[in-house]
Amino acid sequence: MKQSKLNGAQRIQGSGNPKNLQAQLHKVLPIYSTISLEVVSAGDVLETKVPLKDSNMNHLGTMHAGITWMAAEVLGGLAYLGHSQDFGQAWAAVKGVEIEFKRPVTSGISAKASFPPDERRRVAIELEKNSRSKFALKIEVTDEEGNLCALATGNYVLRRNVAELTQASGDT
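Residues numbered from 1 in each chain as written. Predicted model: local features only at pLDDT ≥ 70, side-chain atom pairs only at ≥ 80, totals over all residues. Heavy atoms only, no water.

Caption draft 1: Quick look at the packing of aromatic side chains. A full pass over the atoms with the stated rule returns four aromatic pairs. Summarising the aromatic geometry, the rings of tyrosine 80 and phenylalanine 87 are spaced 6.1 Å apart at their centres and angled 20° between planes, so their arrangement reads as stacked. On the accessibility criterion, tyrosine 80 (6% relative accessible area) is buried. On the basis of relative accessible area, phenylalanine 87 is assigned to the buried category, the value being 4%. Summarising the aromatic geometry, the rings of phenylalanine 87 and phenylalanine 115 are spaced 6.3 Å apart at their centres and angled 55° between planes, so their arrangement reads as tilted. With a gap of 28 residues between them, phenylalanine 87 in helix H5 (residues 84-87) and phenylalanine 115 in the loop between strand E6 (109-114) and helix H6 (117-130) connect regions that are remote in the sequence. Three or more aromatic residues joined by ring pairs form one cluster here, namely Tyr80, Phe87, Phe115, Phe135 and Tyr156. (Phe/Tyr/Trp six-rings, centres within 6.5 Å; stacked < 30°, edge-to-face > 60°. Buried < 20%, exposed > 50% of the residue type's maximum accessible area, 1.4 Å probe, protein only. Helix = DSSP H or I, 4+ residues; strand = E, 2+ residues; numbered from the N terminus.)

What follows is the structure, given as structure tokens:
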């Protein structure tokens, strides 16, 4: 597992292998290890799973909303990491995630989004042309029984230069 540091940032190496991506996420961003996030897929379909366990629960005995949000938000990073061979070296960052909770979560969850080839081509062309690209994911979070627990829209940016993402700017 190769990781490089640049201005304090740590690069996660892209891979089509979900278990490799999961191991890197857990090492570089330990919060994902803390919540036991599993990377299921990082292909045309992006998917993560998080179990319901004591440390992921709120005071009501259901999954904490922040855990649900994190399972959804990380899909934007997986969109890049699972397809980095198509995009070349870049840095991914979240611009925003709007989430609507539909029901309390009383079991483990799965967060899924589609990242089809035509959208990946658009992002790759824009990234090559402008050294940055923006994309959005429509995310569904379901429980272990398949019940819809949350809907989210994640907005993300890819940039070639990490410094552009780490400096305060309204133009990410």
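Caption draft 2: Main features of the pattern of salt bridges. Tallying each qualifying case throughout the model produces six salt bridges. For the salt bridge of aspartate 44 with arginine 120, the shortest nitrogen-to-oxygen distance reads 2.7 Å. Taken together, the residues aspartate 44 in the loop between strand E3 (38-42) and strand E4 (45-50) and arginine 120 in helix H6 connect sequence positions 76 residues apart. Look at aspartate 44 and you get partly exposed, because its relative accessible area is 41%. (Salt bridge = Lys/Arg side-chain N within 4 Å of Asp/Glu carboxyl O.)

Caption draft 3: Inspection of the side chain of threonine 68 at higher detail. Residue placement: threonine 68 occurs in helix H3 (residues 65-73). For threonine 68, a relative accessible area of 2% puts it in the buried group. In this structure threonine 68 touches Met63, Ile99, Phe101, Val105, Ile109, Val141 and Ala150, once residues within four positions along its chain are discounted. (Contact = heavy atoms within 4.5 Å.)

Caption draft 4: Just the side chain of asparagine 56, in detail. Looking at the element boundaries, asparagine 56 is found in the loop between E4 and H3. For asparagine 56, a relative accessible area of 0% puts it in the buried group. Of the polar contacts made by the side chain of asparagine 56, one reaches the backbone oxygen of proline 51; its length is 2.9 Å. Excluding residues that lie within four positions of it along the chain, asparagine 56 makes contacts with Thr34, Ile35, Val50, Pro51, Thr62, Met63, His64 and Ile67. (Polar contact = N/O pair within 3.5 Å; in protein donor to acceptor, adjacent residues only side chain to side chain.)

Caption draft 5: Representation of the sheet that holds strand E7 (residues 132-143) in the model. Strands sit in the order E3-E4-E6-E7-E8-E5 across an open sheet of six strands; the sheet is antiparallel. In this open sheet, the two edge strands, each paired with only one partner strand, are E3 and strand E5 (91-101). Taken pair by pair, the neighbouring strands of this sheet meet at an average axis angle of 20°, ignoring direction. In this fold H3 packs onto E4, E5, E6, E7 and strand E8 (148-159), with an angle of close to 135° to the strand it touches most, E5. (Pairing = 2+ DSSP bridges. Axes fitted to C-alpha atoms, helices over the stretch in contact; angles between N-to-C directions.)

Caption draft 6: Structural view of the pairing of E4. Sheet analysis places E3 next to E4, joined by four bridges and oriented antiparallel. Directly across from serine 41, in E4, lies its bridge partner glutamate 47. Linking E3 to E4, which pair antiparallel, is a turn of two residues. Bridging between E4 and E6 involves six bridges; their strand directions are antiparallel.

Caption draft 7: Structural view of the nonpolar core. Ranked by internal contacts, the top residues of the largest apolar core, which has 42 residues, are Leu37, Leu137 and Ile139. Not counting the four nearest positions on each side in its chain, isoleucine 139 is found in contact with Ala72, Leu75, Ala111, Lys112, Ala113, Ala150, Leu151, Ala152, Gly154 and Tyr156. (Core = buried A, V, L, I, M, F, W, Y, C linked by side-chain atoms within 4.5 Å.)

Caption draft 8: Layout of unusual backbone geometry. With a phi angle near 65°, serine 36 is a residue other than glycine that sits in the positive phi range. As for its position among the elements, serine 36 is in the loop between helix H2 (31-34) and E3.

Caption draft 9: Structural detail: the pairing of E6. Relative to E7, E6 runs antiparallel, the two being bridged by five bridges. Across the sheet, the residue bridging to lysine 112 is glutamate 140, located in E7.

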